[in-house]
Amino acid sequence: MKITIKNICSICETGGGCDEPCEKWYDCLEGKPVDFGLVDEEGENNEKK
């Protein structure tokens, strides 16, 4: 699963509902790799590519 602007808040450890976008959200928006330490079924770290 890729982390995208649409799903980053549901993946985040805070569970979403933040008043303002966080640093990871802005990194994702800018195309920078974002990692929450999750591992997908294939054993690779999830990140936006």
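Given the structure is predicted, the values throughout are model-derived calculations rather than measurements.

A. Local environment of the overall build of the protein. Looking only at helices and strands, the protein features two helices and zero strands. Within the span of the protein, comprising 49 residues, buried residues form 24% of the whole. Within the protein, residue pairs in contact and separated by at least 24 positions form 33% of the contacts whose partners lie at least 6 positions apart. Working note: accessible area of the protein is about 3,800 Å², and carbon and sulfur atoms make up 49% of it.

B. Inspection of the pattern of salt bridges at higher detail. With the rule as written, the count across this model stands at two salt bridges. As a salt-bridge pair, Lys-32 and Asp-27 come within 3.9 Å of each other at their nearest N and O atoms. Among the residues examined, Lys-32 registers a relative accessible area of 40% and is labelled partly exposed. Judged by its relative accessible area of 19%, Asp-27 is buried. Here the residues in one salt-bridge network are Asp-27, Glu-30 and Lys-32, joined through shared partners.

C. Fine view of the environment of Ile-11. Along the chain, Ile-11 turns up in helix α1 (residues 8–11). Under the relative-accessibility criterion, Ile-11 is labelled buried at 16%. In sequence terms Ile-11 and Phe-36 are 25 residues apart; their C-alpha atoms lie 7.9 Å from each other.

D. Layout of the side chain of Asn-7. Locating Asn-7 in the fold gives a position in the segment before α1. Judged by relative accessible area, which is 16%, Asn-7 ranks as buried. Polar side-chain contacts of Asn-7 include one of 2.7 Å to the backbone nitrogen of Thr-4. For Asn-7, the residues in contact, after removing those within four places along its chain, are Met-1 and Lys-2.

Here is what the cut-offs are and how they apply
- Residues numbered from 1 in each chain as written.
- Predicted model: local features only at pLDDT ≥ 70, side-chain atom pairs only at ≥ 80, totals over all residues.
- Heavy atoms only, no water.
- Helix = DSSP H or I, 4+ residues; strand = E, 2+ residues; numbered from the N terminus.
- Buried < 20%, exposed > 50% of the residue type's maximum accessible area, 1.4 Å probe, protein only.
- Contact = heavy atoms within 4.5 Å.
- Areas by Shrake-Rupley, 256 points an atom, 1.4 Å probe, with all protein chains shown as cover.
- Salt bridge = Lys/Arg side-chain N within 4 Å of Asp/Glu carboxyl O.
- Polar contact = N/O pair within 3.5 Å; in protein donor to acceptor, adjacent residues only side chain to side chain.

What is shown is where atoms sit, not what they do.
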